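Residue-level listing of the chains:
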Amino acid sequence: MHYQPHVDFAFNSVEHIMRDVNNGWAVRYTHANVASFFFIFVYAHIARGLYYGSYKAPRVLLWAIGVIILIVMMATAFLGYVLPYGQMSLWGATVITNLLSAIPVFGQDLVELIWGGFSVSNATLNRFFSLHYLLPFLLAALVVAHLIALHTHGSNNPNGISSSGDRISMHPYFTFKDLVTIFFFFLVLSILVFYYPNFLGHSDNYIPANPMQTPASIVPEWYLLPFYAILRSIPNKLLGVIAMFGSLLILLILPYTDLSRIRGSSFRPLMKFAFWLFVVDFIILMWIGSQHPNSPYVEIGQVATAFYFAWFLVIVPLTGLAENTLFDIATVNKSSNIDK
């Protein structure tokens, strides 16, 4: 209601919301911090899906819709980060949109089409504001599709087996169980909003956007740092852009590269170990994304990026094959002992 998507007024209009609008500070800080929590929950949800093998058939469509939700979420969050028009907003928008110029032949034209000019300007801010408002409706539709796909085959579980014959009602059992988590979330959110509202943000975004002064370090919000680290770890611009988008889209191949006959990691010690290696690698990438691109951070980022892709393309298939072999050996030994 009070925001002005204009390069001269955007920053001041946000400060007006913070200082003059009744409870505007509470609305803005809640909005910004809930966005961070949204990503915390979604990353935890994806990690749980990876750990329990929820991507395997017959839930491939469910997993694919989930990956699309993640990508749309990231786009929405990036657009929102540009709107306050501080230093990080301007330069983050400039860097990320400029990535498309790496596309051969029409890349630069595409960037100028998105900008609506020859740099981030009024037109850019206007369309980003509109899209930041509209994309959550697409997100809501995708969530409905996600739930429909979920209800087709039902939820997965830690045992990786069908639970059709042993179900309990959602209410009151799960309602009250989930309320514990919800109240804990409100407690942590309240502490952040009221005491540490800028803990997950960047201080440079309280400096008005200045196209003539580049910040010492241009970094996106914390939840995009792993993918930013992957982008920076590859010297070639086009290959870096492909790797960044590929690091998200590679999630789609998991149902086909996980060759194990056993679902999830509960009964797969090798996969369980590989999963925790992947979590550590993701955290390392997040840390590298927040550092200046100097030695040794660049080299660590390159190793972490190589491991990230190797996990999907090499480690998961080999782990599945090894565990299938061990399973067959154990089954043969057990049947021979029974015969004796």
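Analysis parameters
- Residues numbered from 1 in each chain as written.
- Predicted model: local features only at pLDDT ≥ 70, side-chain atom pairs only at ≥ 80, totals over all residues.
- Heavy atoms only, no water.
- Helix = DSSP H or I, 4+ residues; strand = E, 2+ residues; numbered from the N terminus.
- Contact = heavy atoms within 4.5 Å.
- Areas by Shrake-Rupley, 256 points an atom, 1.4 Å probe, with all protein chains shown as cover.
- Buried < 20%, exposed > 50% of the residue type's maximum accessible area, 1.4 Å probe, protein only.
- Lys, Arg positive; Asp, Glu negative; His and termini not counted.
- Salt bridge = Lys/Arg side-chain N within 4 Å of Asp/Glu carboxyl O.
- Phe/Tyr/Trp six-rings, centres within 6.5 Å; stacked < 30°, edge-to-face > 60°.

Observations concerning the overall build of the protein
A tally of helices and strands in the protein yields 12 helices and 0 strands. Along the protein, helices and strands appear, N-terminal first, in the series α-α-α-α-α-α-α-α-α-α-α-α. Viewed in the frame of its principal axes, the protein has a C-alpha envelope of about 85 × 50 × 35 Å. Across the protein, contacts joining residues at least 24 apart in sequence account for 75% of those joining residues at least 6 apart. When the accessible area of the protein is evaluated, it comes to approximately 19,000 Å², of which 71% is carbon and sulfur surface.

Quick look at the side chain of Glu221
Mapped onto the elements of the fold, Glu221 is located in the loop between α7 (170-195) and α8 (225-233). Here Glu221 occupies a buried position and makes no salt bridge, while the nearest side chain of opposite charge, Arg28, is found at 8.4 Å. Apart from the residues within four sequence positions on either side, Glu221 is in contact with Tyr81, Leu200 and Gly201.

Overview of the packing of aromatic side chains
Evaluated as defined, the whole model comprises 25 aromatic pairs. With centroids separated by 4.9 Å and ring planes inclined at 90 degrees, the aromatic side chains of Tyr51 and Tyr52 adopt a geometry described as edge-to-face. When its relative accessible area of 15% is taken as the criterion, Tyr51 is described as buried. Considering the side-chain rings of Tyr133 and Phe137, the 5.4 Å spacing of their centres and the 75 degrees angle between planes classify their relative orientation as edge-to-face.

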